[in-house]
Amino acid sequence: MSAKSERAAQARGILTDAIVNALPHPVVTVAADDRIVDANVAAEAFFEVSAAVLSRHRLHEFVPFGSPLLSLIEQVRMRGAPVNEYRVDLGTPRNGGERIVDIHVAPLSEYPEHVVVMLQERTIADKMDRQLTHRGAARSVTALASMLAHEIKNPLSGIRGAAQLLEISASDDDRSLTRLITDEADRIVKLVDRMEVFSDERPVEREAVNIHAVLEHVRTLASSGFARHIRFVEEYDPSLPPVLANRDQLIQVFLNLVKNAAEAIGDSPDGEIQLTTAFRPGVRLTVPGSATRVSLPLEFCVKDNGPGVPEDLMPHLFDPFVTTKPTGTGLGLALVAKIVGDHGGIIECDSQPRRTTFRVLMPMYRGARDGTEQN
């Protein structure tokens, strides 16, 4: 090969590496003995180890035992043709649990029995779909809240007044019953007041907010009250830009999430709540009513080591009136979903025993132009 041809081949190799590393999807090359011989940057992030470490191991060490991925690779070697498989879970304790992916496996004709594996994570796409469901669920109680305010609160006021009048002339035994009536009427009014929040369709007033100041305020409130027995761990990215949000509503969101985490932990002596912030570029969402796609690079997490969310509850976790608490109303997480949705963000929950994570993705503050566009 001439020097010119050799330089051209080297240039093509460098360009190929650059293209593969620019792909947002994990790509690995697997040799005949299942050893990983190459991996792009996205694959390093997916498996949470460097390419150098990956190259010292076989693929089966990084995927669940008996994973369909391994049989797909064998199919490709036997048939010599590409194979696809959709919605496969490659989650392991090493990479943090459930990782749903679409798998694309193709043979490398230049290298016998070598295959290229590309993984396309379903997580973000599913979050987008579920987020629209969460928003719809929060809005579904809007009309109900307005109706309750008018049709229930006014009659309750009359019932409470009548009970107070009866209490004046009631015997001691009957007085306990009239007090029961007034107490229950007050309790229903409080429930309706909480639901009325869903009928507030006014635009959210937003500004540049330091999320770390918000989380520190929430931690202080929790540590001095309902979570005084729980250890807090903070992992913050100090370079994080401000979030475009309403400070009071953010406090309400994270106070609710921390309170849920504390209640899940209960009296466990090793209870721990972890608050984290990070910058995650690449997540973009089309907001209803807008033609623009909003970037959601700011990630805020509340993690706890409680028993986890029951599996049958997960699909409906942010729906109104869904709760596992004996005295709960099931409106807390529905309100959280509404607030996050009103901010143009996403909230999602990943849960396993002793590892539950509520993840909030939000737009960042970009200056004066944020009043009209976010991109």
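Residues numbered from 1 in each chain as written. Predicted model: local features only at pLDDT ≥ 70, side-chain atom pairs only at ≥ 80, totals over all residues. Heavy atoms only, no water.

Asker: An account of the pairing of strand E4 (residues 100–107) is requested, with residue identities and associated values reported.
Answerer: Taken together, the five bridges between strand E3 (residues 83–89) and E4 define a ladder with antiparallel strand orientation. Bridged to Asp-89 within E4 is Ile-100. (Pairing = 2+ DSSP bridges. Helix = DSSP H or I, 4+ residues; strand = E, 2+ residues; numbered from the N terminus.)

Asker: I'd love a proper account of the packing of aromatic side chains, names of residues and values included.
Answerer: Per the counting criterion, the structure on display carries three aromatic pairs. With a centroid separation of 5.0 Å and an interplanar angle of 85°, the aromatic rings of Phe-46 and Phe-47 are classed as edge-to-face. Judged by relative accessible area, Phe-47 falls into the buried class, the value being 3%. Of the aromatic side chains, those joined through ring pairs into one cluster are Phe-46, Phe-47 and Phe-62. (Phe/Tyr/Trp six-rings, centres within 6.5 Å; stacked < 30°, edge-to-face > 60°. Buried < 20%, exposed > 50% of the residue type's maximum accessible area, 1.4 Å probe, protein only.)

Asker: Go over helix H10 (residues 247–265), please, and point to the residues and values.
Answerer: Taking 1.5 Å per residue as the helical rise, H10 with its 19 residues ought to reach 27 Å, and the 27 Å between its terminal C-alpha atoms agrees with that figure. Listed as buried for H10 are Leu-250, Ile-251, Val-253, Phe-254, Asn-256, Leu-257, Val-258, Asn-260, Ala-261, Ala-262 and Ile-265. Sitting at the amino-terminal end of H10 is Asn-246, which places a side-chain oxygen 3.1 Å from the backbone nitrogen of Asp-248. Following H10 by one or two positions, Gly-266 adopts a phi angle in the positive range, close to 65°. (Expected span 1.5 Å × (residues − 1). Polar contact = N/O pair within 3.5 Å; in protein donor to acceptor, adjacent residues only side chain to side chain.)

Asker: Explain the nonpolar core to me, using residue names and the numbers behind them.
Answerer: Ranked by size, the top nonpolar core spans 42 residues in total, and within it Ile-211, Val-243, Leu-250, Phe-254, Leu-257, Ile-273 and Ile-347 carry the most contacts. Looking at this core, the elements with two or more residues in it are helix H9 (211–223), strand E8 (243–245), H10, strand E9 (272–279), strand E12 (298–304), helix H11 (332–342), strand E13 (346–352) and strand E14 (355–362). Top element by residues in this core is H10. It accounts for nine residues. Discounting chain neighbours no more than four positions away, the residues touching Leu-257 are Val-302, Leu-333, Val-336, Ile-347, Phe-358 and Val-360. Counting 25 residues, the second-largest nonpolar core is a separate cluster that includes Val-28, Ala-39, Leu-59 and Val-63. (Core = buried A, V, L, I, M, F, W, Y, C linked by side-chain atoms within 4.5 Å. Contact = heavy atoms within 4.5 Å.)

Asker: Any details on the sheet that holds strand E7 (residues 231–235)? Residues and values, ideally.
Answerer: Pairing within the open sheet is mixed, and its five strands lie in the order E7-E9-E12-E14-E13. One side of each edge strand has no neighbouring strand; the edge strands of this open sheet are E7 and E13. Neighbour-to-neighbour, the strand axes of the sheet open up by a mean angle of 15°, direction not taken into account. One ladder, built from seven bridges, connects E12 with E14; its direction is antiparallel. Bridging from a neighbouring strand, Cys-301 pairs with Arg-359 of E14. (Axes fitted to C-alpha atoms, helices over the stretch in contact; angles between N-to-C directions.)

Asker: Quick rundown of the pairing of E9? Include the residues and the values.
Answerer: Within E9, six of the eight residues are buried, which leaves it mostly tucked inside the rest of the structure. Summarising the sheet, E7 and E9 pair through five bridges and their orientation is parallel. Note that in E9 the partner of Arg-231 across the bridge is Glu-272. Of the pairings in the sheet, the one linking E9 to E12 comprises seven bridges and is antiparallel in character. Bridge pairing in E12 places Ile-273 opposite Asp-304.

Asker: Explain the sheet that holds E4 to me, using residue names and the numbers behind them.
Answerer: Strands in a sheet are paired, the pairing made by backbone hydrogen bonds, and the direction either parallel or antiparallel. Overall, antiparallel pairing links the five strands, which are arranged E2-E1-E5-E4-E3 in an open sheet. Only two strands of the sheet have a single neighbouring strand rather than two, namely strand E2 (36–39) and E3. Direction aside, neighbouring strands of the sheet carry axes that sit 25° apart on average. By the bridge criterion, three bridges tie strand E1 (residues 27–30) to E2 in an arrangement that is antiparallel. Within the sheet, the bridge partner assigned to Val-30 lies in E2 and is Ile-36. Across the face of the sheet, helix H4 (residues 68–79) comes into contact with E1, E3, E4 and strand E5 (115–121) while running at roughly 20° to E4.

Asker: Describe in detail the packing of H10 against H11, supporting the description with residues and values.
Answerer: One way to put it is that H10 packs onto H11 with a least axis distance of 10 Å and a crossing angle of 145°. Regarding H10 and H11, the two cross each other, and that crossing is left-handed. Contacts between H10 and H11 involve Gln-249, Gln-252, Val-253, Asn-256, Leu-257 and Asn-260 from the former and Gly-332, Leu-333, Leu-335, Val-336, Ile-339 and Val-340 from the latter. Per-class residue counts for the contact of H10 with H11 are seven nonpolar, five polar and no charged. (Left-handed = near helix turned anticlockwise from the far one by under 90°. Nonpolar A, V, L, I, M, F, W, Y, C, P; charged D, E, K, R; others polar.)

Function cannot be read off these values alone, since they describe shape.
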